[in-house]
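Structure assessment
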Amino acid sequence: MRFDLSSAGVMALAVASALTTAWWLNHADARGQAHAATPAPVHAPTHGGPAQVLKAADGHYWADALIDAKDGQRAVRVMVDTGASVVVLTPADAVRLGLSLKAGDFSATVITASGPVRAAPVALRTVAVAGARVERVEALVVERGLPHSLLGMSYLGRLSSFSATPVGLTLRP
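Presented here is an overview of the structure given in this document. Given the structure is predicted, the values throughout are model-derived calculations rather than measurements.

**Here's the deal with the overall build of the protein chain**
When you go through the protein chain residue by residue, the secondary structure sums to three helices and eleven strands. Reading the helices (α) and strands (β) of the protein chain from amino to carboxyl end gives α-β-β-β-β-β-α-β-β-β-β-α-β-β. By residue count, 35% of the 173 residues in the protein chain fall in the buried class. Put simply, of all contacts in the protein chain between residues at least 6 apart along the chain, 54% involve residues at least 24 apart. Of the roughly 10,000 Å² of accessible surface on the protein chain, a fraction of 60% belongs to carbon and sulfur atoms.

Here you go:
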């Protein structure tokens with residue numbers, strides 16, 4: 001086995017990169033959990049106009065989505081994620097909405113930043129953020145590994161438009 005100075009440099013760079021990524025992911029996850037509990041300012045439209053979700057201190061857009069549950073509507077704290085194809089719910093949020101899932105319901109596999117995870121496809125009757133309401137929204141409930149629910153493109157793509165600025169996200173129903 002041959003080991004020279006350039007191999008040691010490459011190995012050191014790879015280890016440093018992996019440790020930096022692990023540190024960043026750990027701290028980003030902790031910030032996301034901390035901010036997920038903090039209410040995000042949301043400006044609801046007064047007469048069917050655009051709604052705005054202000055950017056939080058962590059640089060993400062957080063909102064309380066009103067989602068139809070078995071016994072009425074429930075507010076679910078979500079992070080707006082244009083990179084998510086669909087709305088994604090944590091198991092805890094699914095339980096709060098009255099979705100009773102069995103092990104066999106987790107028939108899909110999705111690739112996340114943490115790796116592959118099993119998910120259960122569900123249909124949400126309505127999802128509304130600051131008055132911007134969408135009916136019959138496709139969603140997934142992940143089995144594990146997600147610290148907070150995500151508001152993905154199965155909701156955002158059904159709005160007439162949405163746009164992001166350095167200050168906030170504007171949703172147009």
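Read on, since the account is not over.
**A few points about the nonpolar core**
Of all hydrophobic cores here, the largest spans 32 residues; its most connected members are L124, V129, L151, Y155 and L171. Breaking this core down by element, the ones donating at least two residues are β2 (51-54), β3 (62-69), β4 (72-80), β5 (87-89), β7 (115-129), β8 (132-142), α3 (153-156) and β11 (168-172). Residues in contact with L151, not counting those within four places in the same chain, are V78, M79, V80, D81, V87, V127, V129 and L156. Judged by nonpolar contacts, the second largest core, of eleven residues, contains W62, M79, A84 and L140.

**Points about the pattern of salt bridges**
Considering all chains together, one arrives at seven salt bridges under this definition. Between R77 and D64 there is a salt bridge; the shortest N-O distance is 3.1 Å. Taken as a pair, R77 in strand β4 and D64 in strand β3 lie far apart in primary sequence, 13 residues in all. Looking at R77, the relative accessible area reads 14%, which means it is buried. Under the relative-accessibility criterion, D64 is labelled partly exposed at 38%. Here E135 and R136 are joined by a salt bridge, their closest N and O atoms 3.6 Å apart. Overall, the relative accessible area of 38% leaves E135 in the partly exposed class.

**Section: the pairing of β7**
Here three bridges tie β3 to β7, and the two strands are oriented antiparallel to one another. Within β7, the residue paired with A65 across the bridge is V129. With five bridges connecting them, strand β6 (residues 108-112) and β7 associate as antiparallel partners. From the neighbouring strand, A108 faces β7, where its bridge partner is A119. Taking the residues that link successive antiparallel strands as the turn, the β6-β7 hairpin has two residues. Here ten bridges tie β7 to β8, and the two strands are oriented antiparallel to one another. Looking across to β8, one finds that T126 is bridged to E135. Taken together, β7 and the strand that follows it, β8, pair antiparallel across an intervening segment of two residues, in which A130 is found at a positive phi of about 50°.

**Regarding the environment of G59**
Looking at where G59 falls in the secondary structure, it is placed in the loop between β2 and β3. In this structure the C-alpha to C-alpha distance between G59 and P166, which are 107 residues apart in sequence, comes to 9.0 Å.

**As for unusual backbone geometry**
Positive phi outside glycine occurs at A130, with the angle close to 50°. Tracing the backbone shows A130 in the loop between β7 and β8.

Reading guide: rules and limits
Residues numbered from 1 in each chain as written. Predicted model: local features only at pLDDT ≥ 70, side-chain atom pairs only at ≥ 80, totals over all residues. Heavy atoms only, no water. Helix = DSSP H or I, 4+ residues; strand = E, 2+ residues; numbered from the N terminus. Buried < 20%, exposed > 50% of the residue type's maximum accessible area, 1.4 Å probe, protein only. Contact = heavy atoms within 4.5 Å. Areas by Shrake-Rupley, 256 points an atom, 1.4 Å probe, with all protein chains shown as cover. Core = buried A, V, L, I, M, F, W, Y, C linked by side-chain atoms within 4.5 Å. Salt bridge = Lys/Arg side-chain N within 4 Å of Asp/Glu carboxyl O. Pairing = 2+ DSSP bridges.

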